[in-house]
Amino acid sequence: MGLNLDDKKAVVAEVSAKVATAQAIVLAEYRGLEVGDMTSLRAKARISGVYLRVLKNTLARRAVTGTPFESLAQHMVGPLAYGISADPVAAAKVLNEFAKANERFVIKAGAMPGQVMTPKQVATLATMPSREELLAKLMGTMQAPIAMFVRTLNEVPSKLVRTLAAVRDQKQAA
């Protein structure tokens, strides 16, 4: 059963709101995929903060009109699932991992603001660390010199305590 005009406008408005805050969109064809597999993909996407939706392509084209993702409209052909995320890596990572496990799920294209990506470029993007991972690495790098300095400062009193304990043990043994 098709959507009426008000429902279509609501869908376009909802997707447009997601596209407005998006940093990446990935398109994947799901032809022949079982419902249980699609449900598990939706669960993984939800956990990763990816908005995953199966849309009519005409509605998706209207949602991206006037946005930096407008050039993606030419790839909107066939039964597609749209992965939209504010983290540029999250959508690519979730959909690429799922595509590796399910041969019927095929990534068709992707986009970042102002740039359309091929399926190979989407796969490359999926191998990059996420924003959180990069921040964790940066914090670890920034913290390393300070931690080493604290360990060095702590070594002087520790060595003194170990020396005093050795002298005490030696006097008790004698």
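Before reading further, recall that the structure is shown in the block above.
A few points on the structure. Keep in mind it's a predicted model, so treat the numbers as computed, not measured. (Residues numbered from 1 in each chain as written. Predicted model: local features only at pLDDT ≥ 70, side-chain atom pairs only at ≥ 80, totals over all residues. Heavy atoms only, no water.)

Quick word on the packing of aromatic side chains
- Under the definition given, this model contains 1 aromatic pair.
- Taking the centre distance of 5.0 Å and the plane angle of 85° together, the rings of Phe98 and Phe105 count as edge-to-face.
- You can call Phe98 buried: its relative accessible area is 4%.
- Classification of Phe105 as buried rests on a relative accessible area of 2%. (Phe/Tyr/Trp six-rings, centres within 6.5 Å; stacked < 30°, edge-to-face > 60°. Buried < 20%, exposed > 50% of the residue type's maximum accessible area, 1.4 Å probe, protein only.)

What about a nonpolar patch on the surface?
- A cluster of nonpolar side chains, namely Leu135, Leu138, Met139 and Met142, defines an oily patch on the protein surface of about 390 Å² accessible area.
- Within the fold, Leu135 resides in helix 6 (residues 131-173).
- Among the residues examined, Leu135 registers a relative accessible area of 39% and is labelled partly exposed. (Patch = residues over 30% accessible without salt bridge, like charges linked within 9 Å, V, L, I, M, F, W, Y side chains within 5 Å. Areas by Shrake-Rupley, 256 points an atom, 1.4 Å probe, with all protein chains shown as cover. Salt bridge = Lys/Arg side-chain N within 4 Å of Asp/Glu carboxyl O. Helix = DSSP H or I, 4+ residues; strand = E, 2+ residues; numbered from the N terminus.)

Let's talk about the nonpolar core
- Of all hydrophobic cores here, the largest spans 23 residues; its most connected members are Val26, Leu41, Leu95, Phe105 and Ile107.
- Of all the secondary structure elements, the ones that give two or more residues to this core are strand 1 (24-29), helix 2 (35-48), helix 4 (90-101) and helix 5 (119-126).
- Here the element with the most residues in this core is helix 4; it accounts for 7 residues.
- Non-local contacts of Leu95, meaning those with residues more than four positions away in its chain, are made with Val26, Leu41, Leu52, Gly83, Phe105 and Ile107.
- Ranked by size, the runner-up nonpolar core spans 21 residues in total, among them Ile25, Leu27, Val64 and Leu72. (Core = buried A, V, L, I, M, F, W, Y, C linked by side-chain atoms within 4.5 Å. Contact = heavy atoms within 4.5 Å.)

A short note on the pattern of salt bridges
- Applying the stated criterion across every chain, the model contains 6 salt bridges.
- One salt bridge connects Lys108 with Glu29, and the closest N-O pair in it is separated by 3.7 Å. Taken together, the positions of Lys108 in strand 4 (residues 106-112) and Glu29 in strand 1 put the pair 79 residues apart, joining distant regions of the chain.
- Relative accessible area serves as the criterion here: at 16%, Glu29 is assigned to the buried category.

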